[in-house]
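Chains, contacts and geometry: an overview
Each chain, letter by letter, is given below.
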Amino acid sequence: MRILVVEDDPDLNRQLVSALADAGYVVDKAMDGEEGCYLGETEPYDAVVLDLGLPVLDGVSVLEKWRRAGKKMPVLILTARDRWSDKVAGFDAGADDYVAKPFHMEEVLARVRALLRRSAGHATSELTCGPMVLDTKSARVTVNGTAIKLTSLEFRLLAYLMHHGGKVVSRTELVEHLYDQDFDRDSNTIEVFVGRLRKKLGVDVLHTIRGMGYCVSEPDNAN
Ligand code: CA
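In what follows, the accompanying structure is described. (Residues numbered from 1 in each chain as written. Predicted model: local features only at pLDDT ≥ 70, side-chain atom pairs only at ≥ 80, totals over all residues. Heavy atoms only, no water.)

This part takes up the packing of helix α7 (residues 171-178) against helix α8 (residues 188-201). Look at α7 against α8: their axes get within 9 Å of each other, and the N-to-C directions meet at 85 degrees. Taken together, the axes of α7 and α8 are roughly perpendicular relative to one another. Of the residues in α8, those touching α7 at R171, L174, V175 and L178 are N188, I190 and E191. Residue composition of the contact of α7 with α8, by class: four nonpolar, one polar and two charged. (Axes fitted to C-alpha atoms, helices over the stretch in contact; angles between N-to-C directions. Helix = DSSP H or I, 4+ residues; strand = E, 2+ residues; numbered from the N terminus. Parallel < 35°, antiparallel > 145°, perpendicular 65-115°, else oblique. Contact = heavy atoms within 4.5 Å. Nonpolar A, V, L, I, M, F, W, Y, C, P; charged D, E, K, R; others polar.)

Written out as structure tokens, the structure reads:
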């Protein structure tokens, strides 16, 4: 899952980026509205944390531009406390949720989790596929109740596929959502990670669809 943080306060930007990265997301950041707007238009994000008070281009204008351009990723806006008119303007521009400043980082993380889950059509924080359960809250994976130890990249890969459970995800899409913009991307490494992940899980839930990509589905539905 790849997240964009647009926040001009350097400390807050850093805190948001590190908390989201610690939670297992790939995070890109922008310090002003213009840069944020550009990234949101050109890179595929699974969710965005967008401050409304931004230099160069304000957050509401950024959001309006994205929605006009047909960008549908869930957006969590950060608003100043007691500025109810900001919240209204944000929702009218296409925001999905908001957090008022100052906030507890845990709340931002919980709201981002909920947005990601809902946009993928899941109602709870636990995603299940046959004997495998991925808890998006604790970032834990179990198979038949036994915890599986995964690296952060393996977890991101599995979480992305689980959020899109049943659908075939191409290698290119995976690369775009698993690495940040500065990463030297090589889609061949995905195959290596999938192989390792399959071995660790030990159950047949991670399928390669030849020429198309990968898909998580229950063992019975294996291709
Ligand atoms: Ca600001």
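Picking up where we left off.
Taken together, the protein ligands of the calcium ion are D8 (OD), D51 (OD) and G53 (O), with distances of 2.2 to 2.3 Å. Sequence spacing of the donors to the calcium ion: D-x42-D-x1-G. Residue classification places D51 among the buried residues on the basis of a relative accessible area of 4%. Its relative accessible area of 48% is what places G53 among the partly exposed residues. (Donors = N, O, S within 2.8 Å, 3.2 Å for Na, K, Ca; no water. Buried < 20%, exposed > 50% of the residue type's maximum accessible area, 1.4 Å probe, protein only.)

Function cannot be read off these values alone, since they describe shape.
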